[in-house]
Amino acid sequence: MEARRRAAPSVREFKFNKKRVRLISQGSDLKDDARCILYWMSRDQRLQDNWAFLYAQRLALKQELPLHVCFCLVPKFLEATIRHYGFMLRGLQEVAEECTDLNIAFHLLRGYAKDVLPTFVLEHGVGGLVTDFSPLRLPRQWVQDVRERLPEDVPFAQVDAHNIVPCWVASTKQEYRARTIRGKIHAQLPEFLTEFPPVIRHPYPPSCPAEPIAWKACYSSLEVDRTVKEVEWATPGTAAGLAVLQSFITERLKSFVSHRNDPNKAALSNLSPWFHFGQVSTQRAILEVQKHRCKYKESVDAFVEEAVVRRELAENFCYYNENYDSVQGAYGWAQTTLKLHAKDKRPFLYKLQELEQGTTHDPLWNAAQLQMVREGKMHGFLRMYWAKKILEWTRAPEEALQFAIYLNDRYELDGRDPNGYVGCLWSICGMHDHGWKERAVFGKIRYMNYAGCKRKFDVGQFERRYAPC
Ligand code: FO1
């Protein structure tokens, strides 16, 4: 795909690891009438620190062509509401402005890629298409749909711009636990955890300027659920996300290792919303955080474990297990133990609505639920307790998982993400965990209770902070 025209003398050489790229379709050897290269942005909604963007620009520079970027805004994505679409659109607006500054045309296309991209490719004379990568079912289907409809002579490449070690390189199979992937990831970090070159001002201007985008009108015309309100604490966009990263490093990193399991303490990075929408690259976060390893070794190592090993384990699971969001995705031992206890008497039974409104008998659970509903982010430690109690208080594990995923996807800014599915499956179906002492309802799935939480942190303080209105 790269060596079709003689490289222009102005092409900047930088180290680009080709293992980050895979060809979705070959295209023809030479497409002489190409008028531009197109990056179809989906998951990685940022301009800098983005290997897919860099790869697209490199192609464009080599072929002396203008560079275009498009985003296909779909009318519905899982349980996403205005909270998520609002966050995403404001981030995209920043991307569009940055593109203008760099002589790159940004296009906001309305609709599913299969319906809008092939036409765009034809109309703009796209000579090469590059997209980013998500292991989830829907985005993978979008890519396949486009592959089937793309003009045959257009090469189509995919770059894993989300993971530090590309998902298909980290491991070629579903990994059993963190222990089995940790070594593989760490062994490959020296090769992949490298500094990003910048995306530069593009020397070949777009032949037709991108049509202006009516962002406000676009925002108001979205037909998504508007009852889940946008949140105030999280400012969308790369600039705001990088500021949160800086505040993590200067204010919270030192206590990450000691206080990350205390929901009353500010010790977390809080970066997951920006990671989810690809507004901040995990690789950038790790590069910055690692600069402080001399001072905060244990915290830095703990952060690397969560943001790299656990996060990439979740990607591995969703990529290699097509049942990543159902009980059938769990290990045999877990499915057997859950079945064996399916008829056990539950201490409480709640309907989805009661859970959603946070009106259970358990003030800590209600507080966690209200934190998620109000702020779009539940503390990481409580996410485990929250999901495990749903298993305990619903009629069956299948229902528990369905409710947990629904609530997570609807309210969490970082929902609809591999991390979320694996979090729910870990809690409810023992995914990436081992068997524990058998007990009612849970069987051999790890159990958590209120008394355990009380031993770990001041439960009352958290309950008061998220008391019902
Ligand atoms: N990606 C798109 O390409 N187009 C969309 O309209 C879109 C909406 C969307 C809404 C909520 C959300 O959480 C993510 C959304 N994404 C969208 C991004 C992307 O598909 C996902 O982040 C990844 O697939 C998650 O792996």
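Heads up: the structure comes first, above all this text.
Below you will find a few notes about this structure.

Reading the values: the criteria
- Residues numbered from 1 in each chain as written.
- Predicted model: local features only at pLDDT ≥ 70, side-chain atom pairs only at ≥ 80, totals over all residues.
- Heavy atoms only, no water.
- Buried < 20%, exposed > 50% of the residue type's maximum accessible area, 1.4 Å probe, protein only.
- Helix = DSSP H or I, 4+ residues; strand = E, 2+ residues; numbered from the N terminus.
- Pairing = 2+ DSSP bridges.
- Right-handed = clockwise from strand over helix to strand, strands pointing away.
- Near = heavy atom within 4 Å.
- Polar contact = N/O pair within 3.5 Å; in protein donor to acceptor, adjacent residues only side chain to side chain.
- Areas by Shrake-Rupley, 256 points an atom, 1.4 Å probe, with all protein chains shown as cover.
- 1 Å grid on protein atoms, 1.4 Å probe; cavity = no way out; pocket = protein on both sides within 12 Å on 5 of 7 lines; lining within 4 Å.
- Sits in = over half its atoms within 2 Å of the grid points.
- Nonpolar A, V, L, I, M, F, W, Y, C, P; charged D, E, K, R; others polar.
- Axes fitted to C-alpha atoms, helices over the stretch in contact; angles between N-to-C directions.
- Contact = heavy atoms within 4.5 Å.
- Points joined across faces, edges and corners; volume = space filled by probe spheres on them.
- Core = buried A, V, L, I, M, F, W, Y, C linked by side-chain atoms within 4.5 Å.
- Phe/Tyr/Trp six-rings, centres within 6.5 Å; stacked < 30°, edge-to-face > 60°.
- Lys NZ or Arg CZ within 6 Å of the ring centre and 35° of its normal.
- Parallel < 35°, antiparallel > 145°, perpendicular 65-115°, else oblique.
- Left-handed = near helix turned anticlockwise from the far one by under 90°.
- Salt bridge = Lys/Arg side-chain N within 4 Å of Asp/Glu carboxyl O.

## What to know about the pairing of strand E4 (residues 105-110)
Consideration 1: Most of E4 sits out of view: five of its six residues are buried.
Consideration 2: Judged from the six bridges that link them, strand E3 (residues 67-73) and E4 form a sheet pairing that is parallel. Pairing of Val 69 across the sheet is with Phe 106, part of E4.
Consideration 3: Crossover E3 to E4 through helix H2 (residues 82-101) is right-handed.

## Regarding the site of the ligand
Consideration 1: Close contacts around the ligand come from 18 residues, with Ser 42, Cys 72, Val 74, His 276 and Arg 416 the closest.
Consideration 2: Take Cys 72: an N or O atom from its main chain is 2.8 Å from a nitrogen atom of the ligand.
Consideration 3: A distance of 2.8 Å separates an oxygen atom of the ligand from a polar atom in the backbone of Val 74.
Consideration 4: For the ligand, the accessible surface in isolation is 520 Å², of which the surrounding protein chains cover 100%.
Consideration 5: Put simply, the ligand lies in the largest cavity.
Consideration 6: Contributions of two or more residues to the shell around the ligand are made by E3 and helix H4 (137-149).
Consideration 7: Sorting elements by how many residues they give to the shell around the ligand places E3 first, with three residues.
Consideration 8: Looking at the shell around the ligand, its residues break down into twelve nonpolar, four polar and two charged.

## Some thoughts on the sheet that holds strand E2 (residues 36-41)
Consideration 1: What the six strands build is an open sheet, ordered E1-E6-E5-E2-E3-E4; its pairing is mixed. The open sheet is flanked by strand E1 (21-25) and E4, the only strands paired with a single partner. Strand-to-strand twist across the sheet, computed as the mean angle between neighbouring axes with direction ignored, equals 25°.
Consideration 2: Bridge analysis of E2 against E3 gives five bridges, and the strand direction is parallel. Paired with Leu 38 across the strands is His 68, a residue of E3.
Consideration 3: On the sheet, helix H1 (residues 51-62) packs against E1, E2, E3, strand E5 (126-131) and strand E6 (156-159) and is oriented at approximately 170° with respect to E2.
Consideration 4: Along the sheet, H2 contacts E2, E3 and E4; its crossing angle with E3, the most-contacted strand, is approximately 170°.

## Side note on the layout of surface pockets
Consideration 1: Approximately 300 Å³ is the volume found for the second largest pocket.
Consideration 2: The wall of the second largest pocket is formed by 16 residues, among which Asn 270, Gln 371, Glu 375, His 379 and Arg 465 lie closest to the centre.

## Some words on the side chain of Asp 44
Consideration 1: Relative to the elements of secondary structure, Asp 44 occurs in the loop between E2 and H1.
Consideration 2: The exposure class of Asp 44 is buried, given its relative accessible area of 0%.
Consideration 3: Within the structure, the side chain of Asp 44 is placed 3.0 Å from the side chain of Arg 46, a separation counted as a polar contact.
Consideration 4: Beyond its immediate sequence surroundings of up to four residues, Asp 44 is in contact with Tyr 39, Asn 50, Asp 132, Phe 133, Ala 161, His 162, Phe 277 and Gly 278.

## Structural notes on the nonpolar core
Consideration 1: With 104 residues, the main nonpolar core has Trp 40, Phe 53, Phe 106 and Leu 117 as its most contacted residues.
Consideration 2: The element that contributes the greatest number of residues to this core is H2, accounting for nine residues.
Consideration 3: Leave out the neighbours within four places in its chain, and Leu 117 touches Leu 38, Trp 40, Cys 70, Cys 72, Leu 109, Leu 129 and Val 146.
Consideration 4: Counting 51 residues, the second-largest nonpolar core is a separate cluster that includes Ala 330, Phe 381, Leu 407 and Phe 442.

## Focus: empty space enclosed by the protein
Consideration 1: In this structure the tally under the stated criterion is one cavity of 30 Å³ or more.
Consideration 2: Considering only enclosed or pocket space, the largest cavity measures out at about 340 Å³ in volume.
Consideration 3: As for the largest cavity, its lining consists of 21 residues, of which Ser 42, Gln 45, Phe 77, Met 88 and Trp 142 are closest to the centre.
Consideration 4: Among the elements of the structure, E3, H2 and H4 are those that each provide at least two residues to the lining of the largest cavity.

## Quick notes on the packing of aromatic side chains
Consideration 1: Across all of its chains, the model carries 26 aromatic pairs by this definition.
Consideration 2: Residues Phe 133 and Tyr 319 carry aromatic rings whose centres are separated by 5.5 Å and whose planes lie at 80° to one another, so their mutual orientation is edge-to-face. On the criterion of sequence distance, the pair formed by Phe 133 in the loop between E5 and H4 and Tyr 319 in helix H12 (residues 297-320) is long-range, its members being 186 residues apart.
Consideration 3: Through a chain of ring-to-ring contacts, the aromatic side chains of Phe 348, Tyr 350, Trp 365, Trp 386 and Trp 393 assemble into a single cluster.
Consideration 4: The ring of Tyr 324 has Arg 137 lying over it, and the distance from NZ or CZ to the ring centre is 4.4 Å.
Consideration 5: The ring centre of Tyr 447 lies 3.5 Å from the NZ or CZ of Arg 439, which sits over that ring.

## Looking at the packing of helix H17 (residues 397-411) against helix H18 (residues 418-429)
Helix-helix packing: each pair is described by the crossing angle between the helix axes and the interaxial distance.
Consideration 1: Following both chains from N to C, one finds H17 and H18 inclined at 150°, their axes separated by 10 Å at the closest point. With respect to H18, the axis of H17 lies roughly antiparallel. Helix-helix and strand crossings are classified by hand; for H17 and H18 the assignment is right-handed. From H17, Pro 397, Ala 400, Leu 401, Ala 404, Ile 405, Asn 408 and Asp 409 reach across to H18, where they touch Gly 420, Tyr 421, Cys 424, Leu 425, Ile 428 and Cys 429.
Consideration 2: Here the contact of H17 with H18 is composed, by residue class, of ten nonpolar, two polar and one charged.

## Describing the side chain of Asn 103
Consideration 1: Structurally, Asn 103 can be placed in the loop between H2 and E4.
Consideration 2: Here His 202 takes part through its backbone oxygen, which lies 2.8 Å from a polar atom of the side chain of Asn 103.
Consideration 3: For Asn 103, the contacting residues outside a window of four places in its chain are Arg 201, His 202, Pro 203, Tyr 204, Pro 205 and Pro 206.

## Details of the environment of Val 21
Consideration 1: Mapped onto the fold, Val 21 is located in strand E1.
Consideration 2: Sequence-wise, Val 21 and Gln 158 are 137 residues apart; in three dimensions their C-alpha atoms are separated by 5.6 Å.
Consideration 3: Setting aside chain neighbours within four positions, we find Val 21 in contact with Phe 16, Tyr 55, Ala 157, Gln 158, Val 159 and Trp 168.

## Quick look at the pattern of salt bridges
Consideration 1: Using the criterion set out here, one finds 25 salt bridges in the structure.
Consideration 2: Its salt-bridge partner being Glu 315, residue Arg 43 comes within 2.7 Å of it at the nearest N-O pair. Of the two residues, Arg 43 is situated in the loop between E2 and H1 and Glu 315 in helix H12; the sequence distance between them amounts to 272 residues.
Consideration 3: Given the relative accessible area of 9%, Arg 43 is considered buried.
Consideration 4: Overall, Glu 315 belongs to the buried group, its relative accessible area being 2%.
Consideration 5: Two residues, Arg 46 and Asp 44, come together in a salt bridge whose shortest N-O distance is 3.0 Å. An identical accessibility class is assigned to Arg 46 and Asp 44; each is buried.
Consideration 6: Each of Asp 49, Glu 195, Arg 284, Glu 288 and Lys 291 takes part in salt bridges that share partners, so that together they form one network.

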